Amino acid sequence: MIKILGRGERSRPERADGAESARTPGLAPRLLALAMAGACLLTGLDAALLRLSLPAPVTDAGLAPGSLASLHGPLMLVGFLGTVISLERAVAARTSWAFLAPAGLALGSLLGPAGAPQTAGRLIMLAGALALGAIYIAVHRRAPSVAGDVEALGAIALILGILLWAAGAPIEDCVPLWLLLPTLTIVGERLELARVAFLDGVVETVVAALSATALLGACLHPAGDWAAIIIGPALLGLAVTMAYHDVARRTIRSRGRAAGAVRFSAASMLAGYLWVAVAGAVWTIRDLEGNAYEIIIHCLCLGFAFSMILAHAPTIIPAIVHRKLPHHPLMWLPFALLHGGLALRVGALAVGALGPWQVGGVAGIIGILAFMLIAVTRAVSSGRIGSRP
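Residues numbered from 1 in each chain as written. Predicted model: local features only at pLDDT ≥ 70, side-chain atom pairs only at ≥ 80, totals over all residues. Heavy atoms only, no water.

A. Geometry of the side chain of H322. With respect to the element layout, H322 can be found in the loop between α12 (290–321) and α13 (332–351). Overall, H322 belongs to the buried group, its relative accessible area being 2%. A distance of 3.2 Å separates the side chain of H322 from the side chain of R30, its partner in a polar contact. (Helix = DSSP H or I, 4+ residues; strand = E, 2+ residues; numbered from the N terminus. Buried < 20%, exposed > 50% of the residue type's maximum accessible area, 1.4 Å probe, protein only. Polar contact = N/O pair within 3.5 Å; in protein donor to acceptor, adjacent residues only side chain to side chain.)

Next up, the structure:
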């Protein structure tokens, strides 16, 4: 995710007129990485339809039966979210080698659906994850902060999860670690903004401790079901702490000319924290298996990570592609589809209803695709950063 700037701050990687700074890599690597992330997303959504036992544009042609559906998690968590996060970090790092991170994560994730040897894809993914870790090391040396350390814990979780997968561990043991990449990255970035606004050091320490506890619980997950009593309460604590201190609690009541965009972002953030709380509560009382497995994964991935993408897209996309992304009221449609579909899906899983579960899943897929279409259309039609309306 893109660093969120406080009032009066300017982003350093690009000049105000949209031109590249001397140390910033060109636009082509960004667009290529973004296209690969999009390919991971579309393939992952196709796999989601297969997991929902619904018709999909692409099936398991050329792969073993059920193989594409089984790759839904890696494609979405590592391939799409991992690539988007590492692409933002590479842009902020303003150095060419940093683009090894999004390239490795995306390419490695796409090799599996393409039928390449599993070992090759996972090793390439691991190389991308290690490059992301190297970016955080460089960031820490340049400007150490608690928020940056929390984000780095997400990168460590990604590396450990891919290492387990490359070693042949069941994917169920890798998913808890992969889930922490988007979760802790977003928590770290929101923590940084809260610190700039009004947060004190005590809350930073609490958030860092809860984040480290969540990582510990994810690492211990393969050892037994009891790890749920570590990671579940940690996530619940993060949700409550961050929702209480996040500036979104103030901006949701914004008024004025830009109030529509501000309220949309705030609503997306607060809804995301709600789903983290649901995931933490469920994980506290249930292990990551059965219906609880799907509830927890989708609360964190769809309810939190994708909701934060909706909130931050007007900052992410311009920083990467140098195109404006102004808010449009139509963006509330994918918001409603995403969260309404997830609520229906969670409710259906709780009572074991197949039909509503499928409807909720399709609503979420349509919501993601609708937001992609709106974002691309708005960015293409709105012109470059610094250009006149």
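Further notes follow.
B. The packing of aromatic side chains, seen in detail. Counted under the stated rule, the structure contains six aromatic pairs. Aromatic pair F80 and F306: ring centres 5.5 Å apart, planes at 15°, arrangement stacked. Here F80 is found in helix α3 (residues 72–93), whereas its partner F306 is found in helix α12, with 226 residues between them in sequence. A relative accessible area of 9% places F80 in the buried class. (Phe/Tyr/Trp six-rings, centres within 6.5 Å; stacked < 30°, edge-to-face > 60°.)

C. Fine view of unusual backbone geometry. Although it is not a glycine, S53 adopts a positive phi angle of roughly 60°. Topologically, S53 is positioned in the loop between α1 (27–51) and α2 (67–70). Of the residues examined, S53 reaches a relative accessible area of 59% and is grouped as exposed. The phi torsion at R94 lies on the positive side, around 55°, for a residue other than glycine. With respect to the helices, strands and loops of the structure, R94 is situated in the loop between α3 and α4 (100–111).

D. Spatial organisation of the pattern of salt bridges. For the coordinates displayed, the defined rule picks out three salt bridges. With a closest N to O distance of 2.6 Å, E88 and R89 form a salt bridge. Each of the two residues, E88 as well as R89, counts as buried. The partner of R345 in a salt bridge is E294, with the nearest N and O atoms 3.0 Å apart. Here R345 is found in helix α13, whereas its partner E294 is found in helix α12, with 51 residues between them in sequence. (Salt bridge = Lys/Arg side-chain N within 4 Å of Asp/Glu carboxyl O.)

E. The arrangement of the layout of surface pockets in detail. In this structure, the second largest pocket spans a volume of roughly 620 Å³. Lining the second largest pocket we find 25 residues, and of these L34, I317, M372, A375 and V376 sit closest to its centre. Counting only elements with at least two residues in the lining of the second largest pocket, the list comes to α1, α3, α12 and α14 (354–382). In terms of residue count, α12 provides more of the lining of the second largest pocket than any other element does, eight residues in total. Class assignment for the residues of the lining of the second largest pocket results in 23 nonpolar, one polar and one charged. (1 Å grid on protein atoms, 1.4 Å probe; cavity = no way out; pocket = protein on both sides within 12 Å on 5 of 7 lines; lining within 4 Å. Points joined across faces, edges and corners; volume = space filled by probe spheres on them. Nonpolar A, V, L, I, M, F, W, Y, C, P; charged D, E, K, R; others polar.)

F. Fine view of the packing of helix α8 (residues 201–220) against helix α9 (residues 228–245). Remark: α8 packs on α9, axes separated minimally by 8 Å, with the N-to-C direction vectors making an angle of 155°. Here α9 runs roughly antiparallel to α8, going by the angle between their axes. Considering only the axes of α8 and α9, their crossing is left-handed. Contacts between α8 and α9 involve V203, V206, V207, L210, S211, T213, A214, G217, A218 and L220 on the former and, on the latter, I230, I231, A234, G237, L238, T241, M242 and H245. (Axes fitted to C-alpha atoms, helices over the stretch in contact; angles between N-to-C directions. Parallel < 35°, antiparallel > 145°, perpendicular 65-115°, else oblique. Left-handed = near helix turned anticlockwise from the far one by under 90°. Contact = heavy atoms within 4.5 Å.)

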